[in-house]
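Fold and geometry: a report
So the chains spell out like this:
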Amino acid sequence: MKLIIHNSSMQPIYEQISSQIKANIMNGELKEQTMLPSVRTLAKELRVSALTVKKAYDTLDEEGFIVTVHGKGSFVTLANQGVMLEEKKKEVEADLEMAIRKGRSCGMTDQEITELFNIVLED
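To keep things clear, this report deals only with the structure shown in the data block. Being a predicted model, the structure only gives us computed values, none of them experimental.

**Concerning the overall build of the protein chain**
- Along the backbone of the protein chain there are five helices and two strands.
- Shown N-terminal to C-terminal, the secondary structure of the protein chain runs as helices and strands in the order α-α-α-β-β-α-α.
- Against the globule reference of 14 Å for 123 residues, the protein chain gives a C-alpha radius of gyration of 18 Å, more extended than a compact globule.
- Overall size of the protein chain, expressed as C-alpha extent along the three principal axes, is 55 × 35 × 20 Å.
- Across the 123 residues that make up the protein chain, the buried fraction comes to 24%.
- Residue pairs in contact within the protein chain that sit at least 24 positions apart in sequence constitute 48% of those at least 6 positions apart.
- Element-wise, carbon and sulfur atoms account for 55% of the exposed surface of the protein chain, whose accessible area totals about 8,800 Å².
- For the protein chain, the distance from the average position of its 15 positive side-chain charges to the average position of its 19 negative side-chain charges is 10 Å.

**Considerations on the pattern of salt bridges**
- Applying the stated criterion to the full structure yields three salt bridges.
- Across the pair Glu 63 and Lys 22 runs a salt bridge whose closest N-O atoms are separated by 2.7 Å. In this pair, Glu 63 sits in the loop between helix H3 (50–62) and strand S1 (66–69) while Lys 22 sits in helix H1 (residues 13–26), placing the two residues 41 residues apart along the sequence.

**Section: the packing of aromatic side chains**
- Per the stated rule, a full pass over the model turns up zero aromatic pairs.
- Directly above the ring of Tyr 14 sits Lys 55, whose terminal nitrogen or CZ lies 4.3 Å from the centroid.

**Remarks on the pairing of strand S2 (residues 73–76)**
- On S2, burial follows the alternation: Ser 74 and Val 76 on one face are buried, whereas Gly 73 and Phe 75 on the facing-out side are not.
- Here S1 folds back onto S2 in antiparallel fashion, the turn holding three residues, of which Gly 71 has a positive phi close to 85°.

**Details of the layout of surface pockets**
- Estimates place the volume of the largest pocket at around 310 Å³.
- If you go around the largest pocket, you meet 13 residues; those closest to its centre are Leu 96, Ala 99, Ile 100, Ile 113 and Phe 117.
- Elements supplying a minimum of two residues to the lining of the largest pocket: helix H4 (81–105) and helix H5 (110–122).
- A total of seven residues in the lining of the largest pocket trace back to one element, the largest contributor, which is H5.
- In terms of residue class, the lining of the largest pocket is built from nine nonpolar, two polar and two charged.
- Taken as a whole, the second largest pocket spans an internal volume of roughly 240 Å³.
- Along the walls of the second largest pocket sit Leu 36, Pro 37, Ser 38, Val 39, Arg 40, Lys 54, Tyr 57, Asp 58, Thr 68, Lys 72, Gly 73 and Ser 74, which together make up its complete lining.
- Secondary structure elements with two or more residues in the lining of the second largest pocket: helix H2 (39–46), H3 and S2.
- The element contributing the most residues to the lining of the second largest pocket is H3, with three residues.

The rules behind each value
- Residues numbered from 1 in each chain as written.
- Predicted model: local features only at pLDDT ≥ 70, side-chain atom pairs only at ≥ 80, totals over all residues.
- Heavy atoms only, no water.
- Helix = DSSP H or I, 4+ residues; strand = E, 2+ residues; numbered from the N terminus.
- Rg over C-alpha atoms; globule rule 2.2 N^0.38 Å.
- Buried < 20%, exposed > 50% of the residue type's maximum accessible area, 1.4 Å probe, protein only.
- Contact = heavy atoms within 4.5 Å.
- Areas by Shrake-Rupley, 256 points an atom, 1.4 Å probe, with all protein chains shown as cover.
- Lys, Arg positive; Asp, Glu negative; His and termini not counted.
- Charge placed at Lys NZ, Arg CZ, Asp CG, Glu CD.
- Salt bridge = Lys/Arg side-chain N within 4 Å of Asp/Glu carboxyl O.
- Phe/Tyr/Trp six-rings, centres within 6.5 Å; stacked < 30°, edge-to-face > 60°.
- Lys NZ or Arg CZ within 6 Å of the ring centre and 35° of its normal.
- Pairing = 2+ DSSP bridges.
- 1 Å grid on protein atoms, 1.4 Å probe; cavity = no way out; pocket = protein on both sides within 12 Å on 5 of 7 lines; lining within 4 Å.
- Points joined across faces, edges and corners; volume = space filled by probe spheres on them.
- Nonpolar A, V, L, I, M, F, W, Y, C, P; charged D, E, K, R; others polar.

Interpretation note: all reported values are geometric properties and have no functional meaning in isolation.
Laid out in structure tokens, this is it:
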């Protein structure tokens, strides 16, 4: 499993790790029941703290992408990538709806919200 960490990125390292593992699961590179490297092994490989890798694995576990079995390791648990992808799309939609409501509640017009969305989208 090849992961690339960008120390200059504004995104926390644990999020970089978890998002890359998620992407590998979603695109089928990591199949169900594939064992992930141990926390210590991956931390050593990436030259980051074991706590950082643990946090990434905990995030993936909470989101249902992996399951960690004490004493055995962490395994890909995603049975149906399509269903999981659809769930994530629903979450994004809900987050966007909430952002629009917040914008409107502070007096932003639809045009201002759209302009802000396009600015953020460019980043």
